[in-house]
Amino acid sequence: MSDYTEAIFERKLIDLRDSQKEIQSLSQYCVHNRQHCKSVVKVWYKNIKTTAVTRKLTAMYLANDVVQNSKKRGPEYAQEFGMVMRKVFEHLAVMDFNDKTIMSLVRLIGIWQERQIFDKKILHEISKIWDQKHKNSGAAKVPGLDSESPKKRRESSGSGTERRKSREIAEIEDLLDASMQASETSDAQEETLTLSPRQGGSPGSGDPPEPEELIQALQDLENSASSDAIVREKIAKLPPEVSEVARIESLQSVAEAKVLNGQVEEASTLLDDYNLRLQEELKDRKKVGSMISEFLSAQKDLLAQAEERLELYLDKLDKIHGVKDELKSHIAALPDIPVVSRNF
């Protein structure tokens, strides 16, 4: 099961350091919990609005990595982050950033535009906001995006002390290069069939559970209360007098009454605890039932999409075969061209 809660993610954002490894690790956490994408973006947006100026660029790199790494699994993060990016850049535009940070944000926008990460309208709006707010800074204008790599810029900028101070930020900038190169490599390779369910999902999330999550949920049920043979045996071995009111009349002394009272209290505690576990198990089983239902629904939807795609390609294949047959017939109908002898 997912360990995501808003409090956990908020703490992870607070503890996030300016390093490529930590950004990628937290990005994977977000992608794994993409059924909570609305909550993730809400907490991220709150964080970037309140965090220190020096940490805002790191938050932006995290958002970029999450969106780019989740594209193949579905458009949820691109849609959710896209809805807040205008407000985010309106906030960033009034910050007092140094030229290096401004240039990094310009480069980030340039990558989003080139890769069409967000809707064109959103990209136009954030680019316009950034250009307007920083029109006096030559480094900040998006259309004039410098294609020079971060490594080359670092080699030509500042003293040794200044380079050491910017080492961690420079490492994160390399993350942009890595994500860009990975995306370009993916586009250059043969097109891969990627399907996404049109509907269904984990309870209340709008996203079907991952197979691993469903398997883990089913495995957890193996250790449920109804499978606890030890407790069930204890309950079966409880003395009959603890559940028969008529036995009270046969008590002969206070000592016997105290013994029976202790047995009743012990049995009551055992049964109360077991009943609570059974109630929790019932909730878990209902949740797993919903997950299975939504998973099957999503798989049926994926199957339908695959069948539609297969039908489309079979139709294209038939057309190709038709052209091939026509070409063969045409070639067969062409007159033979006499070979001119070279001997005169």
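Use the structure listed above.
In this text the structure is predicted, and so the values were computed from the model without any measurement.

Caption draft 1: Looking closely at the nonpolar core. Of all hydrophobic cores here, the largest spans 47 residues; its most connected members are W44, M60 and M85. If sequence neighbours within four positions are ignored, W44 has contacts with F9, L13, A59, M60, L62, A63, F81, V84, M85 and V88. Within the second largest apolar cluster, 6 residues are counted, among which are L214, A217, V288 and F295.

Caption draft 2: Inspection of helix 4 (residues 56-70) at higher detail. Spanning 15 residues, helix 4 covers 21 Å between terminal C-alpha atoms, matching the ideal 21 Å at 1.5 Å per step. Taken across its 15 residues, helix 4 has 14 buried, putting it largely inside the fold.

Caption draft 3: Region of interest: the packing of aromatic side chains. Counted under the stated rule, the structure contains 8 aromatic pairs. Note on W44 and F81: the rings are 5.0 Å apart at their centroids and 80 degrees apart in plane angle, and the pair reads as edge-to-face. On the criterion of sequence distance, the pair formed by W44 in helix 3 (residues 37-50) and F81 in helix 5 (residues 76-92) is long-range, its members being 37 residues apart. A network of ring pairs unites the aromatic residues F89, W112, F118 and W130 as a single cluster.

Caption draft 4: Local environment of the packing of helix 11 (residues 211-221) against helix 13 (residues 254-333). For the pair helix 11 and helix 13, interaxial distance at closest approach is 10 Å and the crossing angle is 150 degrees. In terms of orientation, helix 11 and helix 13 fall into the roughly antiparallel class. In this structure, the crossing between helix 11 and helix 13 has a hand that is left-handed. Contacts from P211, E213, L214, A217, L218 and L221 in helix 11 reach D284, R285, V288, M291, I292 and F295 in helix 13.

Caption draft 5: Helix 11, seen in detail. Three or more residues of helix 11 are buried, namely E213, L214, A217 and L221. The buried residues of helix 11 occupy an angular sector of 100 degrees when the element is viewed end-on, so they sit on one face. Its buried side turned inward, helix 11 meets helix 2 (20-32) and helix 13.

Basis of the calculations
Residues numbered from 1 in each chain as written. Predicted model: local features only at pLDDT ≥ 70, side-chain atom pairs only at ≥ 80, totals over all residues. Heavy atoms only, no water. Core = buried A, V, L, I, M, F, W, Y, C linked by side-chain atoms within 4.5 Å. Buried < 20%, exposed > 50% of the residue type's maximum accessible area, 1.4 Å probe, protein only. Contact = heavy atoms within 4.5 Å. Helix = DSSP H or I, 4+ residues; strand = E, 2+ residues; numbered from the N terminus. Expected span 1.5 Å × (residues − 1). Phe/Tyr/Trp six-rings, centres within 6.5 Å; stacked < 30°, edge-to-face > 60°. Axes fitted to C-alpha atoms, helices over the stretch in contact; angles between N-to-C directions. Parallel < 35°, antiparallel > 145°, perpendicular 65-115°, else oblique. Left-handed = near helix turned anticlockwise from the far one by under 90°. Arc of directions from axis to C-beta.

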